[in-house]
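Working through the structure, step by step
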Amino acid sequence: MAIKLCCFPKDPLEDVETWSESVDKVLSCKAGQIAFREFLKSEYSEENILFWLACEEYKKIKTIPEMISSANRIYSEFVQTEAPRQINIDCGTRENITKSISQPTMTSFDTAQKLIYSLMARDCYPRFLKSDIYQGLLRRTDSR
């Protein structure tokens, strides 16, 4: 599967070899996010990285109205029961978010984000390193 990597200030594949060091290395660069997302899509669990990225953007919000709007979008897309991209979190975490969604804070999604990060790091990331997607990118960098 070919992954399109364009519009990067430096060669996006420069860091591919470092991705095997940790899931943080993958998530810290745009090319890594794209490759990991493609892998998760192939495993029907793309909602995990999409939720994690949405939470990262949410943390950068500066205004209350924007925070409320974004919190409601994240909640309806990923958290509420039967959400289109419902993430796999325990019912206690889901209930806590549901109770506080009317008055969201900067930390409203922290527990859920940590759970999803842990799931990706422990479960998805090791499979990503063995995947055709990652191995293909490694071969492309080796052949230069």
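Rules of the game
- Residues numbered from 1 in each chain as written.
- Predicted model: local features only at pLDDT ≥ 70, side-chain atom pairs only at ≥ 80, totals over all residues.
- Heavy atoms only, no water.
- Phe/Tyr/Trp six-rings, centres within 6.5 Å; stacked < 30°, edge-to-face > 60°.
- Helix = DSSP H or I, 4+ residues; strand = E, 2+ residues; numbered from the N terminus.
- Buried < 20%, exposed > 50% of the residue type's maximum accessible area, 1.4 Å probe, protein only.
- Salt bridge = Lys/Arg side-chain N within 4 Å of Asp/Glu carboxyl O.
- Axes fitted to C-alpha atoms, helices over the stretch in contact; angles between N-to-C directions.
- Parallel < 35°, antiparallel > 145°, perpendicular 65-115°, else oblique.
- Contact = heavy atoms within 4.5 Å.
- Nonpolar A, V, L, I, M, F, W, Y, C, P; charged D, E, K, R; others polar.

1. Quick look at the packing of aromatic side chains
Applying the stated criterion to the full structure yields nine aromatic pairs. Arranged with centres 6.5 Å apart and planes meeting at 35°, the rings of Trp19 and Phe128 form a pair that is tilted. On the criterion of sequence distance, the pair formed by Trp19 in the segment before helix 1 (23-27) and Phe128 in helix 6 (residues 110-130) is long-range, its members being 109 residues apart. Here Trp19 and Phe128 have matching classes, each one buried. Judged by centre distance (5.3 Å) and plane angle (45°), the ring pair of Phe128 and Tyr134 falls under tilted. What makes Tyr134 buried here is its relative accessible area of 2%. One aromatic cluster is present, built from ring pairs that chain together Trp19, Phe36, Phe39, Phe128 and Tyr134.

2. Focus on the pattern of salt bridges
A side chain with one charge can pair with a side chain of the opposite charge if their charged atoms come near. For the structure on display, the rule yields nine salt bridges. Lys59 is paired through a salt bridge with Glu56; the nearest N and O atoms lie 3.2 Å apart. Lys59 gets classed as partly exposed once you look at its relative accessible area, which sits at 39%. A relative accessible area of 26% places Glu56 in the partly exposed class. Here Arg73 makes a salt bridge to Glu77, at a shortest N to O gap of 3.1 Å. Taken together, the residues Arg73 and Glu77, both in helix 4 (residues 64-79) and four residues apart, mark about one turn of the helix. Judged by its relative accessible area of 41%, Arg73 is partly exposed. Owing to a relative accessible area of 18%, Glu77 belongs among the buried residues under this scheme. Overlapping salt bridges, with partners in common, bring together Glu43, Asp123 and Arg127 in one network.

3. A look at the packing of helix 2 (residues 30-42) against helix 6
Running from amino to carboxyl end, helix 2 crosses helix 6 at an angle of 95°, the nearest separation of the two axes being 10 Å. Classified by the angle their axes make, helix 2 and helix 6 are roughly perpendicular. Taken together, the residues of helix 6 that come into contact with helix 2 (itself represented by Ala35, Phe36, Phe39 and Leu40) are Met120, Cys124, Tyr125, Arg127 and Phe128. Class assignment of the residues belonging to the contact of helix 2 with helix 6 gives a composition of eight nonpolar, no polar and one charged.

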